[in-house]
Amino acid sequence: MRWPRPSGSGRVEAGVSLPLHSPGLFVSSQPSQVEDVLSGEEGEEEEEEREEETAPAPAPAPEEPVAPQLAEASQVLGASEMRQLSLHLPPRVAGHSWSLAFCTSRDGFSLQSLYRRMEGHSGPVLLVLRDQDGQMFGAFSSSAIRLSKGFYGTGETFLFSFSPQLKVFKWTGNNSFFVKGDLDSLMMGCGSGHFGLWLDGDLYHGGSHPCATFNNEVLARQEQFCIKELEAWVLS
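Where an unreviewed UniProt entry is consulted, the protein appears under the name TLD domain-containing protein 2 isoform X1, with the organism given as Balaenoptera acutorostrata.

Q: Kindly report on the pattern of salt bridges, identifying the contributing residues and their values.
A: Evaluation of the coordinates by the stated rule reveals 6 salt bridges. A salt bridge links Arg 92 to Glu 156, with the nearest nitrogen and oxygen atoms 2.8 Å apart. Of this pair, Arg 92 sits in the loop between α2 (79–86) and β1 (98–103) while Glu 156 is found in the loop between β3 (136–141) and β4 (158–162), placing the two residues 64 residues apart along the sequence. By relative accessible area, Glu 156 is classed as partly exposed at 27%. Between Arg 106 and Asp 107 there is a salt bridge, and its shortest N-O distance comes to 3.1 Å. Residue classification places Arg 106 among the partly exposed residues on the basis of a relative accessible area of 37%. Each of Glu 72, Arg 106, Asp 107 and Arg 117 takes part in a single network of salt bridges with overlapping partners.

Q: Lay out α2 with the relevant residues and their values.
A: Taken together, the buried positions of α2 are Glu 81, Met 82 and Leu 85. Angular distribution of buried residues about the axis of α2 spans 100°; they occupy a single face of the element. Buried residues belonging to α2 abut β1, β2 (125–131), β3, β4 and β5 (166–169).

Q: With reference to specific residues and values, describe the environment of Phe 214.
A: Checked against the element boundaries, Phe 214 lands in the loop between β9 (205–207) and β10 (224–235). A residue is classified by how much of its surface remains accessible, and Phe 214, at 2% relative accessible area, is buried. With 39 residues separating them along the chain, Phe 214 and Asn 175 place their C-alpha atoms 9.1 Å apart. Filtering out sequence-adjacent residues up to four positions away, Phe 214 remains in contact with Thr 157, Phe 158, Leu 159, Phe 169, Lys 170, Trp 171, Thr 172, Phe 178, Met 188 and Gly 189.

Q: Run through the side chain of Glu 231, naming residues and quoting values.
A: You can see Glu 231 is positioned in strand β10. The side chain of Glu 231 sits in the buried core without any salt bridge; Arg 130 is the nearest counter-charge, 6.8 Å away. Among the polar contacts listed, one links the side chain of Glu 231 to the backbone nitrogen of Gln 75, at a separation of 2.7 Å. Among the polar contacts made by the side chain of Glu 231, one reaches the side chain of Trp 233 at a distance of 2.9 Å. Dropping the residues within four chain positions of it, Glu 231 is found in contact with Ser 74, Gln 75, Val 76, Leu 100, Phe 102, Cys 103, Leu 126, Leu 127 and Val 128.

Q: I'd like to hear about unusual backbone geometry, residue by residue, with values.
A: Pro 164 follows Ser 163 through a cis peptide bond whose omega is -15°. In this structure, Pro 164 sits in the loop between β4 and β5. If you check the backbone angles, Ser 192 has positive phi at about 55° while not being a glycine. Position of Ser 192 relative to the elements: it lies in the loop between β7 (185–191) and β8 (194–200). Owing to a relative accessible area of 76%, Ser 192 belongs among the exposed residues under this scheme. A positive phi is found at Leu 203, a non-glycine position, where the angle reads about 50°. Mapped onto the elements, Leu 203 comes out in the loop between β8 and β9.

Here is what the cut-offs are and how they apply
- Residues numbered from 1 in each chain as written.
- Predicted model: local features only at pLDDT ≥ 70, side-chain atom pairs only at ≥ 80, totals over all residues.
- Heavy atoms only, no water.
- Salt bridge = Lys/Arg side-chain N within 4 Å of Asp/Glu carboxyl O.
- Helix = DSSP H or I, 4+ residues; strand = E, 2+ residues; numbered from the N terminus.
- Buried < 20%, exposed > 50% of the residue type's maximum accessible area, 1.4 Å probe, protein only.
- Arc of directions from axis to C-beta.
- Contact = heavy atoms within 4.5 Å.
- Lys, Arg positive; Asp, Glu negative; His and termini not counted.
- Polar contact = N/O pair within 3.5 Å; in protein donor to acceptor, adjacent residues only side chain to side chain.

Quick look at the structure:
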């Protein structure tokens, strides 16, 4: 057996094979390429598992609005309009049944009749109208409609209009002119001498103007309108 002869530089000459069992020689082992690939795949799988564990759960699909329970059918609003409106009502009345306290087709066109039908009710009221153009609009009052010396109500009060999509005009915080009931008129929202919604004593004529209380648009197609149907629903 020939031993390699060291070259002048101390390196082993090329072309000479070294037996692995030769005394005094140590061969260090390195991981094979197969081991590298396997370990890399295991690391990727562990990383994917960690990502799956930490990934947020998908958000649940939004629930369809449920139509409120009515003691009798509305002559103004359909089921779709009622579902849309119910999404904007205060949480404290969510799920409450709607009771028809007043309607012009049954109780006549009279503001005094509306006040009388409201007696004994303290809960919030949804006032809905349809005018000569078929436009649907109205207001939500945080308390019953009644005669008053001044404006009353809370910031839950709002105006709305279907034109044809629902538009809701919430309280701006600029003033507290929510609702005022006179003998010959009913007013909701005020600013610069204009009312967001007002109805006269015979509940036949009305008007709507932009006002500071709700920053609303004109609810009807024109500022002055004639009422064809009006309903007052008590939410309790």
